[in-house]
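Residue-level structure breakdown
If you want the building blocks of each chain, they are given just below.
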Amino acid sequence: MVASGGYHQAIHFISCNTCASNEGFRNFLVTSSYGGLKMKPVLRKGSCNLGHSVKCIGHSPNSSLCAIKPIFSSLSSTKDSRRSAPESYLILIRHGESMWNEKNLFTGCVDVPLTNKGVEEAIEAGKRIRHLPIDVVYISALIRSQMTAMLALTEHHCKKVPIIIHNETEQAKLWSQIYSEGTEMQSVPVIKAWQLNERMYGELQGYNKQETAERCGKEQVYKWRRSYDAQPPNGESLEMCLRRAVTYFKEQVEPQLSGGKNVMVVAHANSLRSILMYLDKLTAEEVIHLELSTGVPMLYIYKGNQFIRRGSPLGSMEAGVYAYTESLALYKQNLLDEVSL
């Protein structure tokens, strides 16, 4: 768990002697809570050979001290100690510029990396959020989302290591297991979900947007790109993208927020547009005019089962961060007024 300005709780094991023998030796469980330190002796019996299991003395078999925890097992816990936290942070970031963004091509679910500009945007995004707490990160299955998240996290003040969770198979879980509690505590779990992928543009993928507009007509291309329910040839409508992205958000991300976790989601224009429609209760007419800049974080506070928009960290809600057409200017101004309070 990453925390801003301090940790709610840190746990370390400090060995009091060497592991020269296989006899029991004394460790201390050191806990820190808001500046207070407590040291509690813990007797363990084990071997210096890390391949052997560790046995505990004086603890129940179900004790967390007696078992090697699955990687980031707290993510699925329904009894998180922070559940009563008054509020949580939600950070949303559209990936930095991709190589097909630069060429003005329909990208959709084609897996295209970032440009140099996109890399710089990701790093700048990381600087904007470097002092905000982040406990868990969600990314799409596409490399431009993953690059953006990883580059942004290299700028975070806590210097924790982002670790992509591999739950695809039992073997993947086993092979990617972290066995050191200390190392796990200095890591940030990153969860990959195809449901956060960009909208699949079907037979438009790979075509230049301007050339397609000249060939098929501007109105038709605009309808494919911005209408709520129109599908490109053999592709997804925004409505279809919204069903998978928002369902995943409600089932996986929102429970983390309600449990007191601070979450960052790095995704794509249409998957994020879908999530924003849910968060800000936008209508189908409003959401089609919503534009998102690449690489600019958007901050929400989750409190009392409500999402409160807070603009972009380290600055006002600049033009293009969450841009609306003129017909929605009043709505945007109300949000700006809220941010200034």
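Residues numbered from 1 in each chain as written. Predicted model: local features only at pLDDT ≥ 70, side-chain atom pairs only at ≥ 80, totals over all residues. Heavy atoms only, no water.

1. Section: the overall build of the chain
Quick note on the threshold: Only DSSP runs of H or I with at least four residues qualify as helices, and only runs of E with at least two residues qualify as strands; both kinds are numbered from the N terminus onward. A simple rule labels every residue: compare its accessible area, found with a 1.4 Å probe on the protein chains alone, to the largest value its type can have, and call it buried under 20%, exposed over 50%, or partly exposed in between. Here, residues are in contact when the closest pair of their heavy atoms is within 4.5 Å.
Secondary structure assignment for the chain yields eleven helices and 13 strands. The 341 residues of the chain split such that 46% are buried. Contacts spanning at least 24 positions in sequence make up 69% of the contacts within the chain whose residues lie at least 6 apart.

2. Some words on the UniProt feature "site: Transition state stabilizer" (unreviewed entry) in the chain
The condition that has to hold: UniProt positions are given in the numbering used here, feature names are shortened, and annotations may be inferred rather than shown by experiment. Pairs of N or O atoms are called polar contacts if they sit within 3.5 Å, as long as, within protein, a hydrogen donor faces a hydrogen acceptor (for residues adjacent in sequence, only side-chain-to-side-chain pairs).
The sites that carry the UniProt feature "site: Transition state stabilizer" (unreviewed entry) are, in the present numbering, H268. When you line up the elements, H268 lands in the loop between strand 9 (263-267) and helix 9 (269-279). Residue classification places H268 among the buried positions, given a relative accessible area of 0%. Of the polar contacts made by the side chain of H268, one reaches the side chain of S140; its length is 2.8 Å.

3. Some details on the packing of helix 8 (residues 238-258) against helix 9
The line we're drawing: Only C-alpha atoms enter the line fits that serve as axes; for helices the fit covers just the stretch in contact. Angles between N-to-C directions range over 0 to 180 degrees. Under this scheme an angle from 65 to 115 degrees is roughly perpendicular, one under 35 degrees roughly parallel, and one over 145 degrees roughly antiparallel; angles in between are oblique. Crossing handedness is defined as follows: a turn of the near helix away from the far one that is anticlockwise and smaller than a right angle gives a left-handed crossing, while the clockwise case is right-handed. In this classification, the charged set is Asp, Glu, Lys and Arg, the nonpolar set is Ala, Val, Leu, Ile, Met, Phe, Trp, Tyr, Cys and Pro, and all remaining amino acids, among them Gly, are polar.
Interaxial distance between helix 8 and helix 9 falls to 8 Å at its minimum, and their mutual angle equals 65°. Considering the angle they form, helix 8 stands roughly perpendicular to helix 9. The handedness of the crossing between helix 8 and helix 9 comes out as right-handed. Judged by residue contacts, L238, C241, L242, A245, V246, F249, K250 and E254 of helix 8 engage N270, S271, R273, S274, I275, M277, Y278 and L279 from helix 9. Here the residues of the contact of helix 8 with helix 9 are counted per class, giving ten nonpolar, three polar and three charged.

4. Here's the deal with the environment of P133
Relative to the elements of secondary structure, P133 occurs in the loop between helix 2 (116-128) and strand 6 (136-139). As a C-alpha pair, P133 and K261 span 128 residues in sequence and 8.9 Å in three-dimensional space.

5. Some details on the nonpolar core
Let me state the cut-off plainly: In this text, buried Ala, Val, Leu, Ile, Met, Phe, Trp, Tyr and Cys residues form a nonpolar core when linked through side-chain atoms within 4.5 Å.
Residues L90, L92, Y138, V265 and L279 are the most contacted members of the largest nonpolar core, which totals 32 residues. Counting only elements with at least two residues in this core, the list comes to strand 5 (88-94), strand 6, helix 8, strand 9, helix 9 and strand 11 (298-303). Apart from residues no more than four positions distant in its own chain, Y138 is found in contact with I191, L196, Y248, Q252, V253, Q256, V263, M264, V265 and V266. Counting residues in hydrophobic clusters, the runner-up holds 15 residues, among them I134, I139, L153 and V188.

6. Things to note about the pairing of strand 5
Stated formally: Two strands pair under a simple rule: DSSP has to find at least two bridges between them.
With respect to burial, strand 5 is a largely interior element, six of its seven residues being buried. Where strand 5 and strand 11 come together, five bridges link them in antiparallel fashion. Counted as the bridge partner of L92 is M298 from strand 11. Where strand 5 meets strand 9, five bridges bridge the pair, whose relative direction is parallel. Directly across from L92, in strand 9, lies its bridge partner V265.

7. What about the sheet that holds strand 8 (residues 187-192)?
With mixed pairing, the seven strands of this open sheet are ordered in space as 7-8-6-9-5-11-12. Edge positions in the sheet fall to strand 7 (161-164) and strand 12 (306-309), since each has one partner strand and no second. Pairs of neighbouring strands in the sheet enclose a mean axial angle of 25°, with direction left out of account. Helix 3 (residues 143-153) rests against strand 5, strand 6, strand 7, strand 8 and strand 9 of the sheet, and its axis sits at about 140° to strand 9. Helix-sheet contacts for helix 9 involve strand 5, strand 9, strand 11 and strand 12, and the interaxial angle to strand 5 is about 145°.

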